[in-house]
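One-letter residues, chain by chain:
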Amino acid sequence: MEQLGFEFEVQPRKLTKVSPARLATFDDCPRRYRMSYVDRPPPTRTGPWAHSTLGAVVHNALRALFELSPARRTPARAAALLAENWQDGGFADARQAAVYRERAQSWVAEYVERNDVSTTPIGLERWVSAPVSPEPGKPASLIIEGRADRIDERGAELVIVDYKTGRRAPDEYEARGSQALAMYAVAAARTLRRPCRRVELHHLPSGTVAAAEHSEASLRRHLTRAEETAEDLRAATDDLAEGGDVQSLFPARPSARCAWCDFRPSCPEGQQAAPPAKSWELLAP
Ligand code: SF4
């Protein structure tokens, strides 16, 4: 069965390309969106964050693991790949980095022990893209695109897998409510021409999997919200190009998040909103 009805014949206006990251950034703080995607050269940023480094290392190790033949995907090999991909950016010192390297080696080794890793995914950090319309029968209004951590093929359907390494284990409500996962499901179904409704968050520190099955209606709800945000960010970007006021088009939205925002050094409002976090404070305990 075809998943969601997309229309391609007539495109009355230029389609906005959006990724889940862009939409989430604009929703969270329009100024951070502007600094991330509009300002060139980009404003001064903080240095690396240890939690981001750790996440990237785990992602790279698991990607390398699934690129091996199934027989070589052992716990020991996973731990070795983690060490080979290791980076120290953002950690307090070499000792803390070593503690987390060992911890992350345990995470990936246990992941291989607990999960069936014998099937080769159909996509590893695969780029997916699709023109979509949230309303059936209407012309496409935006192009969603992005890079999914992993796309599995289970029976006749695809499954979106997203790795997590944060402090808290996500639950099924988070999986269901994730706009990013829903957008990857829609784009993967279109790109790979197979149904895709199941999305999963694999949390390495706790070894848990939070899963959700989308319906056509729930995917459409996510697309409707994505379209609204895409409209707002397109209007703000166009108005800025025509000489609009940058502060009102991309207002700062200070919150606790400012403590670890990459663009804090370039944002006076963010500096006033929260004291700076240490670069290792967001590591999983
Ligand atoms: S520091 Fe806060 S207000 Fe400033 S760009 Fe970052 S998130 Fe937005």
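Because the structure is predicted, anything quoted here is derived from the model rather than measured. (Residues numbered from 1 in each chain as written. Predicted model: local features only at pLDDT ≥ 70, side-chain atom pairs only at ≥ 80, totals over all residues. Heavy atoms only, no water.)

K.L.:
What's the story with the site of the ligand in this structure? I'm lost.
P.N.:
Around the ligand, the surrounding shell consists of Cys29, Arg32, Ala252, Arg253, Pro254, Cys258, Cys261, Cys267 and Gly270. Taken together, the residues of the shell around the ligand break down into six nonpolar, one polar and two charged. (Near = heavy atom within 4 Å. Nonpolar A, V, L, I, M, F, W, Y, C, P; charged D, E, K, R; others polar.)

K.L.:
What is the right way to look at the pairing of strand β2 (residues 123-132) in this model?
P.N.:
Along a regular strand, successive side chains alternate from one face of the sheet to the other. Most of β2 is tucked away: seven of the ten residues are buried. Relative to strand β3 (residues 142-154), β2 runs antiparallel, the two being bridged by nine bridges. Residue pairing in the sheet places Ser129 in a bridge with Glu145 of β3. (Buried < 20%, exposed > 50% of the residue type's maximum accessible area, 1.4 Å probe, protein only. Helix = DSSP H or I, 4+ residues; strand = E, 2+ residues; numbered from the N terminus. Pairing = 2+ DSSP bridges.)

K.L.:
What exactly am I supposed to notice about the nonpolar core here?
P.N.:
Nonpolar side chains in soluble globular proteins tend to end up buried together. Val18, Leu23, Val132, Ile144, Ile151 and Ile160 are the most contacted members of the largest nonpolar core, which totals 37 residues. With ten residues, the top contributor of residues to this core is helix α7 (residues 179-192). In this structure, Ile160 is in contact with Arg150, Ile151, Leu181, Tyr184, Ala185, Ala188, Cys196, Arg198, Val199 and Glu200, ignoring residues within four places of it in sequence. Among the nonpolar cores identified, the runner-up in size contains 30 residues, and Phe91, Tyr100, Ala104 and Val117 belong to it. (Core = buried A, V, L, I, M, F, W, Y, C linked by side-chain atoms within 4.5 Å. Contact = heavy atoms within 4.5 Å.)

K.L.:
Just checking my understanding: could you explain the pattern of salt bridges for this structure?
P.N.:
Close approach of charged atoms lets side chains of opposite charge pair. The tally for this structure, following the rule as stated, stands at 21 salt bridges. The salt bridge involving Arg45 is made with Asp262; its shortest N-O contact spans 2.8 Å. One end of the pair, Arg45, is in the loop between α2 (30-38) and α3 (50-67); the other, Asp262, is in the loop between α9 (246-249) and α10 (268-273), with 217 residues separating them in the sequence. Overall, Asp262 belongs to the partly exposed group, its relative accessible area being 24%. Arg77 is the partner of Glu84 in a salt bridge, and the nearest nitrogen-oxygen pair spans 3.4 Å. A relative accessible area of 25% means that Arg77 is categorised as partly exposed. A single network of salt bridges, built from pairs that share partners, joins Arg150, Asp152, Arg154, Arg198, Glu200 and Glu213. (Salt bridge = Lys/Arg side-chain N within 4 Å of Asp/Glu carboxyl O.)

Structural measurements only, silent on function.
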